[in-house]
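Coordinate inspection notes
One-letter residues, chain by chain:
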Amino acid sequence: MSEGFKQAIWKEKEKVLEPLIFEISVPGRVGHILPKACDKVLREVGDVLKSIPEKIRRKTPVNLPEVSEIQLTRHYLHLAQMNYAVDLGFYPLGSCTMKYNPRINEEIARMDKISRLHPYQDASTVQGALELLYRLEKILAEISGMARVTLQPSAGAHGELTGLCIIRKYHEDKGEIQNRREIIVPDSAHGTNPASANMAGFNVVTIPSSKEGCVDLEALRAIVGKQTAGLMLTNPNTLGIFEEDILEISHIIHNVGGLLYYDGANLNGVLNKVRPGDMGFDIVHFNLHKTFSTPHGGGGPGAGPVGVKEELVPYLPIPTIEYDEKKGIYYLEYDRPKSIGKMKGFYGNFGVIVKAYSYILSLGAKGLNEVAEVAVLNANYLAKKISEIPGFGLPYAEKPRKHECVISAAKLKAETGVTAFDVAKRILDFGIHAPVVYFPQIVEEALMIEPTETETKENLDTFVSVMRKISSEAYGEKEKVLNAPHNTSVGRVDEVRAARKPILSWKMYQKYKS
Ligand SMILES: *Cc1c(COP(=O)(O)O)cnc(C)c1O
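A short tour of the structure in this document, coming up. (Residues numbered from 1 in each chain as written. Predicted model: local features only at pLDDT ≥ 70, side-chain atom pairs only at ≥ 80, totals over all residues. Heavy atoms only, no water.)

Comments concerning the state of the cysteines
- Applying the stated criterion across every chain, the model contains zero disulfides.
- Here Cys96 is not cross-linked by a disulfide; its sulfur's nearest cysteine counterpart is in Cys405, at 14 Å.
- By relative accessible area, which is 0% here, Cys405 ends up buried. (Disulfide = S-S within 2.5 Å. Buried < 20%, exposed > 50% of the residue type's maximum accessible area, 1.4 Å probe, protein only.)

Below you can see the structure in the form of structure tokens.
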């Protein structure tokens, strides 16, 4: 983290950046030599291809890039040098829990005995893998205060959909689904919550936050009723504040026959301190790729296990992992008539599950406690230090934060015209990833910061000094902030055009160029 930070720029004469792999392609060039044994296989594949009817065969060539091995190696290394990662520097992207992921977890997940298993293998040959799944389920159930857990969903949003399918099935079973059409979601919720509720066929009802930044109990009482299927809640919420009225909220929802869903994507701040089950929640999803240490960002792989209370266990996806004590064997149980069915092929993202298991065992209960304590300490430290800098403030300041804090740059914007967006861009120049901006929407000019427990105090202090420097630039030579970033491989991009008219493939790019 310093102003000396500079991302690689591979500028060719007439081209702006590292060319696309297609642009360095030369017909006939190859980057690999297949073993002789492949000749026979290729001949066989050729024979199979010939048997495909002419009319459904591809007419145009596939246009794969043709490059040498060293061209390929350099191309991807160049791209890596233009990228940013948690292994390079501070990554305070709010709600994403970009903590350091210990290498030991990677090593274990990549061991041949684990990575070379095949999901079609007979259960008798993969007893160790089943035992690991079984044990992780028990651990997550203990951490969350739930009766049982499915490890099947492959992301947080996928876990939400799984949980909502369970809510639907539960109300169906009671013969009430025709009337119970509504899922209540606070206005500070993660965008996936309303999206998942919608996908599961529910209508979404939004409730506003109170002036303390929590669920407004009066507003909640006013909208619940026989139409309520459930409430989705993030606690601590996206402001980083713990909903102290959670038992009352649980009472209000259960009183009208609804279920309480816990968005446990960011369990970091309460890990081993409080349990969703004890707060009255019926269903919870975990993001193993956030709280339980799997590298993420850029699309996965992740895992979003879902835990449920006793009453909802029959609805869990099939198969469940069971242990036969008499025979001393683990097995997969498909015979569960009330199950919502399958949510994913096989049993979940096994590699991610192994990493979470390794992470939890290496820390132990005491270590998990410490994760929460340091994560909370770091978030409050930054909240305090940054809110003292001119232009920045901490809305809803009455309550302490948990895993993250949301700083507002509204004052900075009013006094200098420099926005949260500009600040985020300038942060990049110091070798730091930007915070989440403009979320949650209840905070003006929001900068959502989650330091996590794995950063040193020195790093946090450097970040504070960077924020202080940006503030003084904004009140002085603000061009530097308005035109940032300057030290990155790619300068300020036209985000509106990138969102509205994205160029996502080689074909689209060629069309755009012509
Ligand atoms: C990240 C996150 C999600 C979604 O998780 P994905 O794995 O990205 O689908 C849901 N809720 C909250 C609060 C989150 O932070």
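A word on the sheet that holds strand 5 (residues 259-264)
- Read from one edge of the open sheet, seven strands run 1-7-6-5-4-2-3, paired in mixed fashion. Two strands bound the open sheet, and with one partner strand each, they are strand 1 (148-150) and strand 3 (203-207). Each strand axis lies, on average, 25 degrees off the axis of its neighbour in the sheet, ignoring direction.
- Both strand 1 and strand 7 (residues 306-308) contribute to a ladder of three bridges, which runs antiparallel. (Pairing = 2+ DSSP bridges. Helix = DSSP H or I, 4+ residues; strand = E, 2+ residues; numbered from the N terminus. Axes fitted to C-alpha atoms, helices over the stretch in contact; angles between N-to-C directions.)

Focus: the sheet that holds strand 12 (residues 446-449)
- Across the sheet, three strands lie side by side as 10-12-11; this open sheet has antiparallel pairing. Strand pairing shows two members of the sheet lacking a second neighbour, strand 10 (405-408) and strand 11 (436-437), which therefore form its edges.
- Sheet analysis places strand 10 next to strand 12, joined by four bridges and oriented antiparallel. Along strand 12, the bridge assignment pairs Cys405 with Ile449.

Comments concerning the pattern of salt bridges
- Summed over the entire model, instances satisfying the criterion amount to 31 salt bridges.
- One continuous salt-bridge network, built from bridges that share partners, spans Glu137, Arg148, Glu322 and Arg336. (Salt bridge = Lys/Arg side-chain N within 4 Å of Asp/Glu carboxyl O.)

Considering a nonpolar patch on the surface
- Nonpolar side chains collect at one region of the surface, where Val41, Val45, Leu49, Ile52 and Ile56 lie side by side and expose about 420 Å² of accessible area between them.
- Its place among the elements puts Val45 in helix 1 (residues 38-50).
- You can call Val45 partly exposed: its relative accessible area is 40%. (Patch = residues over 30% accessible without salt bridge, like charges linked within 9 Å, V, L, I, M, F, W, Y side chains within 5 Å. Areas by Shrake-Rupley, 256 points an atom, 1.4 Å probe, with all protein chains shown as cover.)

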